[in-house]
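# Structural overview for review
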Amino acid sequence: MKLSDIKKILPTLENVAFQLENGTFVPEHFHVTEIGMITKNFIDCGGVIRQEKSVNFQLWNADDFEHRLKPGKLLHIINLSEEKLNIEDLNIEVEYQNETIGRYDLAFNGNHFVLKNKVTACLAQDACGIPSPSGFIELNKDKTNSCSPNSGCC
């Protein structure tokens, strides 16, 4: 989800809620403690220099159980971050601490935001000798020599 997407969704909501993919909700007294833009410069295992940028939201739970972040307040924080930090319209990544600080992609299911699990991947599979998926492989090209019921080949 891009920053422009959440800005369109927030005015349609009464409450802001985040849910993990396992069904667990972030406690409703969470805070958005940071909004920023992260730039990651790196080199992959194939020697290619790369750069990734994302907008980062950090969620935090405190002991103020009466706290509720309203959609208008979150929209104000987003607008302020765009103005003061020149944040671009990039994909949003959410930091949230469960057992450790996790990084999640963000989606919306029509009712609330969903923290989508991220996965790692090799960006230079050809350089690492990892075969790329090629789809289905036809095992028996000779149709005249195929198994049929009761033929004893299976």
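The paragraphs below set out a description of the structure included in this document.

Grouped together as the largest cluster of nonpolar side chains are 29 residues, with contacts concentrated most on Ile6, Phe113 and Leu115. Of all the secondary structure elements, the ones that give two or more residues to this core are α1 (3-9), β1 (18-20), β2 (30-43), β3 (49-61), α2 (71-85), β4 (92-97), β5 (101-108) and β6 (113-117). Apart from residues lying up to four places away in sequence, Phe113 is in contact with Met1, Ile6, Ile9, Leu10, Leu13, Val16, Ala17, Phe18, Gln19, Leu106, Ala107 and Phe108.

Moving on to the packing of aromatic side chains. Taken as a whole and judged by the stated rule, the model has three aromatic pairs. For the pair Phe108 and Phe113, a centre-to-centre distance of 5.0 Å together with 55 degrees between the ring planes defines the contact as tilted. Judged by relative accessible area, Phe113 falls into the buried class, the value being 0%. Joined through ring pairs, the aromatic side chains of Phe18, Phe30, Phe108 and Phe113 make up one cluster.

Turning our eyes to something else, we now look at unusual backbone geometry. A negative phi angle characterises most non-glycine residues, just as the trans form characterises most peptide bonds. Non-glycine residue Asn86 carries a positive phi angle of around 55 degrees. Its place among the elements puts Asn86 in the loop between α2 and β4. By relative accessible area, which is 61% here, Asn86 ends up exposed.

Quick look at the side chain of His112 now. By the element assignment, His112 lies in the loop between β5 and β6. According to the relative accessible area criterion, His112 is buried, its value standing at 12%. One polar contact links His112 to Gln19, side chain to side chain, over a distance of 2.6 Å. Residue contacts for His112: discarding those within four places in its chain leaves Ala17, Gln19, Phe25 and Ala107.

This part is about the pairing of β4. The element β4 is extensively covered by neighbouring structure, given that five of its six residues are classed as buried. With five bridges connecting them, β3 and β4 associate as parallel partners. By the bridge assignment for β4, Gln58 is matched with Glu95. This β-α-β element, β3 to α2 to β4, shows right-handed connectivity. In this structure, β4 lies alongside β5, joined through five bridges in antiparallel fashion. Bridged to Gln97 within β5 is Ile101. Counted between consecutive antiparallel strands, the loop separating β4 from β5 contains three residues.

This part covers the layout of surface pockets. In this approach, a probe sized like a water molecule rolls over the atoms, and the result shows the empty space that is left. There is about 550 Å³ of room inside the largest pocket. Around the largest pocket sit 18 residues that line it, and Lys40, Glu52, Glu93, Arg103 and Lys118 are the ones nearest its centre. Of all the secondary-structure elements, those providing two or more residues to the lining of the largest pocket are β2, β3, β4 and β5. Considering only residue class, the lining of the largest pocket consists of eight nonpolar, three polar and seven charged.

Calculation notes
Residues numbered from 1 in each chain as written. Predicted model: local features only at pLDDT ≥ 70, side-chain atom pairs only at ≥ 80, totals over all residues. Heavy atoms only, no water. Core = buried A, V, L, I, M, F, W, Y, C linked by side-chain atoms within 4.5 Å. Buried < 20%, exposed > 50% of the residue type's maximum accessible area, 1.4 Å probe, protein only. Helix = DSSP H or I, 4+ residues; strand = E, 2+ residues; numbered from the N terminus. Contact = heavy atoms within 4.5 Å. Phe/Tyr/Trp six-rings, centres within 6.5 Å; stacked < 30°, edge-to-face > 60°. Polar contact = N/O pair within 3.5 Å; in protein donor to acceptor, adjacent residues only side chain to side chain. Pairing = 2+ DSSP bridges. Right-handed = clockwise from strand over helix to strand, strands pointing away. 1 Å grid on protein atoms, 1.4 Å probe; cavity = no way out; pocket = protein on both sides within 12 Å on 5 of 7 lines; lining within 4 Å. Points joined across faces, edges and corners; volume = space filled by probe spheres on them. Nonpolar A, V, L, I, M, F, W, Y, C, P; charged D, E, K, R; others polar.

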